[in-house]
Structures are given as C-alpha cells and as structure tokens.
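Read off the chains here:
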Amino acid sequence: MTNQLNTSSQSSKSGSPDLCEIEKKHQEIMAMIDNLILALRNDKLENAMDKHIRELGGKVLDCFDREEKCMINSKYTDYDAHKGEHIKFLKNFAVLKRLCEDEGSLDQLSVAIRNQVVEWLTNHITSVDKNMLNYLKSR
Ligand SMILES: [Fe+2]
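Residues numbered from 1 in each chain as written. Predicted model: local features only at pLDDT ≥ 70, side-chain atom pairs only at ≥ 80, totals over all residues.

Trainee: What is the right way to read the overall build of the chain from this model?
Mentor: A tally of regular secondary structure across the chain gives five helices and zero strands. The secondary structure elements of the chain, listed N-terminal to C-terminal, are α-α-α-α-α. Out of the 139 residues belonging to the chain, those deemed buried represent 22%. Contacts in the chain between residues far apart in sequence, at least 24 positions, make up 73% of those at least 6 positions apart. (Helix = DSSP H or I, 4+ residues; strand = E, 2+ residues; numbered from the N terminus. Buried ≥ 20, exposed ≤ 12 C-beta atoms within 10 Å, placed from the backbone. Contact = placed C-beta atoms within 7 Å.)

Trainee: Even after reading the chapter, I still don't get the environment of Ile 22, so can you show me in this structure?
Mentor: Position of Ile 22 among the secondary structure elements: in helix 2 (residues 17-41). A tally of 25 C-beta atoms within 10 Å means that Ile 22 is categorised as buried. Separated by 107 residues in the primary sequence, Ile 22 and Asp 129 place their C-alpha atoms 9.4 Å from one another. Apart from the residues within four sequence positions on either side, Ile 22 is in contact with Cys 63, Arg 66, Glu 67, Cys 70 and Leu 133.

Trainee: Where do I start with the packing of helix 4 (residues 79-101) against helix 5 (residues 106-137) in this structure?
Mentor: Packed helices, taken two at a time, are described by their axes: the angle between them and the distance between them. The contact between helix 4 and helix 5 brings their axes to 11 Å, and the two run at 160°. Taken as axis vectors, helix 4 and helix 5 run roughly antiparallel relative to one another. Handedness of the helix 4/helix 5 crossing: left-handed. Together, His 82, Glu 85, Phe 89, Asn 92, Leu 96, Leu 99 and Cys 100 of helix 4 and Leu 109, Ala 112, Ile 113, Gln 116, Val 117, Trp 120, His 124, Val 128 and Met 132 of helix 5 make up the contact between the two elements. Classifying every residue of the contact of helix 4 with helix 5 gives 11 nonpolar, four polar and one charged. (Axes fitted to C-alpha atoms, helices over the stretch in contact; angles between N-to-C directions. Parallel < 35°, antiparallel > 145°, perpendicular 65-115°, else oblique. Left-handed = near helix turned anticlockwise from the far one by under 90°. Nonpolar A, V, L, I, M, F, W, Y, C, P; charged D, E, K, R; others polar.)

Trainee: Would you mind going over unusual backbone geometry with me for this structure?
Mentor: In most cases, non-glycine residues show a negative phi, while peptide bonds are predominantly trans. Backbone geometry places Lys 75, a non-glycine residue, at a positive phi of 50°. Locating Lys 75 in the fold gives a position in the loop between helix 3 (45-73) and helix 4.

Trainee: Explain the nonpolar core to me, please; I cannot follow it from the model alone.
Mentor: A general feature of soluble globular proteins is that nonpolar side chains tend to end up buried together. Ile 29, Leu 36, Val 60, Cys 63, Ile 113 and Leu 121 are the most contacted members of the largest nonpolar core, which has 20 residues in total. Broken down by secondary-structure element, the contributors of at least two residues to this core are helix 2, helix 3 and helix 5. Per-element accounting of this core gives the leading share, seven residues, to helix 5. (Core = buried A, V, L, I, M, F, W, Y, C linked by C-beta atoms within 7 Å.)

Okay, structure coming up:
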C-alpha cells in the first residue's frame, strides 16, 4: 500500500505558503507511514521502532501546530472539533510511545501502531484535513 496524496495541483491553486507547507507536511507524513507499514510487514519493527515513532511524532506535532494556527487565523468553524481530534491522537500517541519504551510485546505494539497511527493519520489527513484545506483555500 502506498499512501500518495495528489496535492501538487491543489498546492499551486492555494496560493498560500502556509497551506502549501501543510500539504507538504501531509505528504511527508504519508511517506513516513509507508515506511512504518513496510517495517511492520517485514518484521523490522524492533530495530527501527524508536526512530520511526520519534520522527513521525515530531513531524505530526509540527503539522498539527501549523494547521491549528491557520484555522485560528481563518476563524475556521470546525476548529474545536479538529483540535479535539489532534488532542485525542496525541494522548494515544503518548501511550504508544510508552509502550515502545517498555519494550512490551511486539504483536501488541504492531496492532496499536496500525490502529492508532497508520489508520488514524491516514483517515485524518484524507478526510478531516482535506475538508479544512478546501475551506481555507476557498477564502
Ligand atoms: Fe489535522
């Protein structure tokens, strides 16, 4: 599975450096998710887990921050719900990071990563974030 976002034409229409930057972050996050999926599939998780999770966490945090600033600046009506999703993800992600550090069962970790990171982020970026970007571009 390859998570490719076709946003290049949207980027050029947006005209806003902030929105282009958010779209770029989304593409980078989706590429990182692909690497994570590959690691999960090839049982390479044990060695690379810490690196994957740490890098992905930093990128996601930066992206959430940019999105929230843009939503506030544009008085986005769904800001509270969107921010709530970010908070929910960050709470789950903190639990996941602890699970990594505890060096618990790799199977348990693998399921948690698939559900709470891969699936959640993919759905969020392709639906909630897409709606937000469409709204921000229309202003
Ligand atoms: Fe978001």
